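Report on the structure
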Amino acid sequence: NDSAILAIVACATMAFFQICTLPKRKTDVPLWVKCFKYIATCCLVVNLLVALILFGPHDGYDRALFQTPYLYQRFLCPIFAFASFVLFEKKPKLPHHAIKLATAPTYAYGAVMILLNLFEVINGPYFFLRVHHQSVGYSILYALGILGGSGVVAWLVRKLNRIL
């Protein structure tokens, strides 16, 4: 899972910089590090929401969320990443344009996967990307829902990080 790998690298980077700030009694990590963790957190939350809204009804919630490896990839890791980012990683404040950065991986992945499915290079990997197996309307609805949801998630995670 791409977002899990992104999250591992982002969390390790954040941990490294947080450890480096301990002797200085300084709590700020570089802005780019916080942005990196924010991007990974947003990708994980989108992953969780896709599992709840699309995979759960399609495959069953037990299979989509609670069986290995999905228990970690789609449920626990997104929840812990969200909670730690929103509650504990307060400084520095993220600028508004960070929302665009947080949606970029979802937009890029979606565009590449839809094109690969459209040109029949691959089939899937998820049912909602299989454009030849569903109506154009469903394909547009899935794309708008996931891409729009990605923007809402990015806005909400940033907002909660600032106010909680």
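It should be emphasised that the depicted structure is a prediction, and the values quoted were computed from it without experimental measurement.

Within the structure shown, the criterion is met by two salt bridges. Taking the shortest distance from any N to any O, the salt bridge between Lys37 and Glu89 comes out at 2.8 Å. With Lys37 in helix 2 (residues 31–59) and Glu89 in the loop between helix 4 (70–88) and helix 5 (98–118), this residue pair connects regions lying 52 residues apart in the sequence. Exposure remark for Lys37: the relative accessible area of 3% places this residue in the buried category.

Our next topic: the state of the cysteines. If you walk through the whole model with that rule in mind, you get zero disulfides. Cys11 takes part in no disulfide bond, and the closest cysteine sulfur to it belongs to Cys77, at a distance of 8.3 Å. For Cys11, a relative accessible area of 35% gives the class partly exposed. Free of any disulfide, Cys43 has its nearest neighbouring cysteine sulfur in Cys42, separated by 7.1 Å.

Another point: unusual backbone geometry. At the junction of Lys91 and Pro92, the peptide bond is cis and its omega measures out at -5° in the coordinates. Tracing the backbone shows Pro92 in the loop between helix 4 and helix 5. Residue Pro125 is bonded to the preceding Gly124 through a cis peptide linkage, with omega at 10°. By the element assignment, Pro125 lies in the loop between helix 5 and helix 6 (136–163).

With that settled, consider a nonpolar patch on the surface. A contiguous nonpolar patch, built from Leu49, Leu52, Ile53, Tyr61 and Phe66 and spanning about 450 Å² of accessible area, is present on the exposed surface. Elements with a contribution of two residues or more to the nonpolar patch: helix 2 and helix 3 (61–66). Looking at the nonpolar patch element by element, the count peaks at three residues for helix 2. Assignment of secondary structure puts Phe66 in helix 3. Owing to a relative accessible area of 39%, Phe66 belongs among the partly exposed residues under this scheme.

Parameters at a glance
- Throughout, a residue's number is its position along its own chain's written sequence, starting from 1.
- At least 70 in pLDDT is required for a residue's local features to be given in this predicted model, at least 80 for side-chain atom pairs to be given and counted, and no such filter applies to totals for whole chains, interfaces and linings, which use all residues.
- Based on all heavy atoms of the structure, the side-chain values leave hydrogens and waters out of the count.
- Put simply, a salt bridge is a Lys or Arg side-chain nitrogen that is within 4 Å of an Asp or Glu carboxyl oxygen.
- Every helix listed is a DSSP run of H or I at least four residues long, and every strand listed is a run of E at least two residues long, numbered separately from the N terminus.
- Exposed residues in this analysis have more than 50% of their type's maximum accessible area, buried residues have under 20%, and partly exposed residues fall in between, with area computed by a 1.4 Å probe over protein chains only.
- Note on disulfides: each one is a pair of cysteine sulfur atoms within 2.5 Å.
- Only residues whose relative accessible area exceeds 30% and that take part in no salt bridge are eligible for patches, with like-charged residues grouped when within 9 Å of each other and nonpolar side chains (Val, Leu, Ile, Met, Phe, Trp, Tyr) grouped when within 5 Å.
- Per-residue accessibility takes into account occlusion by the displayed protein chains alone, with areas from the Shrake-Rupley method and a 1.4 Å probe.

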